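# Notes for the structure review
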Amino acid sequence: MSQNEDGRFLGEVMNFPSVLAYGQTREEVVARVQALALLVLTDKLEHGEVTPN
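Remember, it's a predicted structure, so these values are computed and weren't measured experimentally.

Here is what the cut-offs are and how they apply
- Residues numbered from 1 in each chain as written.
- Predicted model: local features only at pLDDT ≥ 70, side-chain atom pairs only at ≥ 80, totals over all residues.
- Heavy atoms only, no water.
- Core = buried A, V, L, I, M, F, W, Y, C linked by side-chain atoms within 4.5 Å.
- Buried < 20%, exposed > 50% of the residue type's maximum accessible area, 1.4 Å probe, protein only.
- Helix = DSSP H or I, 4+ residues; strand = E, 2+ residues; numbered from the N terminus.
- Contact = heavy atoms within 4.5 Å.

## What about the nonpolar core?
In this structure, Phe 9, Val 13, Phe 16, Val 19, Ala 21, Val 29, Val 33 and Ala 37 together form the largest nonpolar core, which totals 8 residues. Of the residues forming this core, the biggest block, 3 residues, is contributed by helix H1 (residues 26-46).

## Some thoughts on the environment of Val 13
Mapped onto the secondary structure, Val 13 falls in the loop between strand S2 (9-12) and strand S3 (20-23). We classify Val 13 as buried; its relative accessible area is 18%. Between the alpha carbons of Val 13 and Lys 44 there is a distance of 15 Å; along the sequence they are 31 residues apart. Setting aside chain neighbours within four positions, we find Val 13 in contact with Val 19, Val 33 and Ala 37.

Have a look at this one:
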C-alpha cells in the first residue's frame, strides 16, 4: 500500500494484476481491495480459470 501525493492511499493485490483500489484511509483501501479480490476470484472460478483446492 502506498500514499499518493494527493493524500489518497493505493492498494493492490499482487496475485491479481491490475487489481487496484484507492481510498482516503488505509482501512478504506483494505476493504475495497478485499472486496475487489473476491469479485475477481469469483469470476475466475465461474469461468473455470482456477479450481478450488
